[in-house]
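Close look at the chain arrangement
Here are the chains, one letter per residue:
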Amino acid sequence: MSLAEAVVAAPERFTGTVPVPVLEARIERVRTAMIADDLDALIVFGSPRLLGSRTKTAGYVQYLAGYSARPTPSTVVLSASGAAAVLAFGVHEHREFSRRSAWLGEIVQAGEQRLHPEAAARILAEAGIRRGARIGVIGIDELSHPAHQELTERFREYRIVAAEGLLDRLRLTRAPEEVDMLRTSARISDAMIAAAFAESARPGASGPSVMAEIEHTGRLLGADSANCWLSIGEEPPTTYFEFMELPDLITDSDRVQLGTTTAYEGYFGQCLRMGVRGRPDAKLTAYAEILLQIQDAALAAMRPGEPLHRVIDVIEDQYALHAPFTRETDPFRFQSCHGLGLTYVEPGMARDLNPLRDRSLDDSGVLIEKGMVIEVHPNFTVPGLGCIVAGDMALVTDDGAVWITESPRGIWEI
């Protein structure tokens, strides 16, 4: 199947957004939380959205403004009393924020990021927020050095506190419209998987040609970003992200395995699959079934009101039964699950889904909520097979969870 055929078989290009009334209600909840935390204002610095899974701060801007700039940093200034502004880099970003975020407040063409603290201080002063006020700041760890210096200088007479936790808590509760965005990201990921294996079956296909088909398909269907890792060989040892790491020709003895990462309207999706030309051998088939068992055990642990950490605990218990290596001795093992939302790893869920977490904090941990989406991608190394993988998006419902990636699970015969 060609790229064109794969896209025709997939949904048409998606063009939905989170409605403004949903965003306005979100801002009201944020302001209520700010008042409860004794914050007079928030300043949220965001990195460029094109960084995809490599930034967490763009998601905070997207959460507040309903949009974040793709190529440049942007900033949201929000007072508890009602003032709000978005600071954009240049004329193009100003145009996009004016189209998407004018409902929130003033859109300011503020230039490069180092100028944003001065602009934020001016906006807060105009809103009547005086020196000595308590200001929550988000995104300090991704600021450029000049911007950080300016923040320190411009706000030296304010009380500055880190405020990521405030939005992390609120982001755990999802509106139905947000779930729709995540479902769309899942459907785009499914189409990218189909395009990958369609191209892999073509005589003369290469690693770079497969990667190009995957990413082209995602963008064509409306993804903000559409990326992947790809590993090809008889015993794939790891994950590869660059054309130069991939083979010039896929042979009949190769296994093709990949992980897609998409973002649609800022909401991330992911799907991991393995494929072989012809029929897989008995050993690979058996381990592919084990991966599905691990996924399904994790899915069964996702019930509203239960501690979130039980999901990773179930996965680790399954690893102890089936993985040939421990986590410490495995030649290549990456994270097994993570929350998906406006960042690739939803920050409010990260601690509880970490197998190396401080378990003494479990009693104060996050409880599973309806609308949460968790990517479950068990992976480990098997002698003679290399690294094996499977990955799907699970949506928590009223009384359990369901998979929302719908591409066939298990090994694809290509």
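Notes on the structure follow.

Calculation notes
- Residues numbered from 1 in each chain as written.
- Predicted model: local features only at pLDDT ≥ 70, side-chain atom pairs only at ≥ 80, totals over all residues.
- Heavy atoms only, no water.
- Helix = DSSP H or I, 4+ residues; strand = E, 2+ residues; numbered from the N terminus.
- Buried < 20%, exposed > 50% of the residue type's maximum accessible area, 1.4 Å probe, protein only.
- Contact = heavy atoms within 4.5 Å.
- Areas by Shrake-Rupley, 256 points an atom, 1.4 Å probe, with all protein chains shown as cover.
- Lys, Arg positive; Asp, Glu negative; His and termini not counted.
- Charge placed at Lys NZ, Arg CZ, Asp CG, Glu CD.
- Pairing = 2+ DSSP bridges.
- Axes fitted to C-alpha atoms, helices over the stretch in contact; angles between N-to-C directions.
- Salt bridge = Lys/Arg side-chain N within 4 Å of Asp/Glu carboxyl O.
- Parallel < 35°, antiparallel > 145°, perpendicular 65-115°, else oblique.
- Left-handed = near helix turned anticlockwise from the far one by under 90°.
- Nonpolar A, V, L, I, M, F, W, Y, C, P; charged D, E, K, R; others polar.

1. Examining the overall build of the protein chain
Secondary structure summary: the protein chain contains twelve helices and 16 strands in total. Principal-axis analysis of the C-alpha atoms places the extent of the protein chain at approximately 70 × 45 × 40 Å. Expressed as a percentage of its 414 residues, the buried residues of the protein chain come to 58%. Within the protein chain, residue pairs in contact and separated by at least 24 positions form 71% of the contacts whose partners lie at least 6 positions apart. For the protein chain, the computed accessible surface area is about 16,900 Å², with 52% contributed by carbon and sulfur atoms. Within the protein chain, one finds 40 positive and 57 negative side-chain charges whose respective centroids are separated by 4 Å.

2. Quick look at the sheet that holds strand β15 (residues 401-403)
Across a sheet, strands are paired by hydrogen bonds formed along the backbone, either parallel or antiparallel in direction. As summarised here, the arrangement of the four strands in space is β10-β11-β14-β15, forming an open sheet in which the pairing is antiparallel. Whereas interior strands pair on both sides, the edge strands pair on one side only; in this sheet they are β10 (337-340) and β15. Going from strand to strand, the sheet's axes swing by 30 degrees on average, the running direction of each strand aside. Note: β10 against strand β11 (residues 373-376), four bridges, orientation antiparallel. In the sheet register, G339 faces β11, and the bridge partner there is I374. Here helix α8 (residues 176-200) sits on the sheet in contact with β10, β11 and β14 (392-396), set at roughly 160 degrees to β14.

3. Some remarks on the pattern of salt bridges
Using the criterion set out here, one finds 28 salt bridges in the structure. The residue E96 makes a salt bridge to R95 at a minimum N-O spacing of 3.6 Å. We note a salt bridge from D296 to R409, for which the minimum N-O separation is 3.2 Å. Of the two residues, D296 sits in helix α10 (residues 282-300) while R409 sits in the loop between β15 and β16 (411-413), which places them 113 residues apart along the sequence. A relative accessible area of 28% means that R409 is categorised as partly exposed. Through salt bridges that share partners, R273, D296, D392 and R409 make up one connected network.

4. Looking at the pairing of strand β12 (residues 379-382)
Side chains of β12 alternate between two faces, with N379 and T381 and F380 and V382 buried alike. Bridging between β12 and strand β13 (residues 386-389) involves four bridges; their strand directions are antiparallel. By the bridge assignment, N379 is partnered in β13 with V389. Linking two consecutive strands that pair antiparallel, namely β12 and β13, is a turn of three residues; a positive phi of about 90 degrees is found at G384 within it.

5. Focus: the packing of α8 against helix α9 (residues 207-220)
With their axes 8 Å apart at the nearest point, α8 and α9 run at an angle of 150 degrees to one another. Classified by the interaxial angle, the pair formed by α8 and α9 is roughly antiparallel. Read as a crossing pair, α8 and α9 show a hand that is right-handed. From α8, I188, A191, M192, A195, A196, E199 and S200 reach across to α9, where they touch S209, V210, E213, I214, T217 and G218. Here the residues of the contact of α8 with α9 are counted per class, giving seven nonpolar, four polar and two charged.

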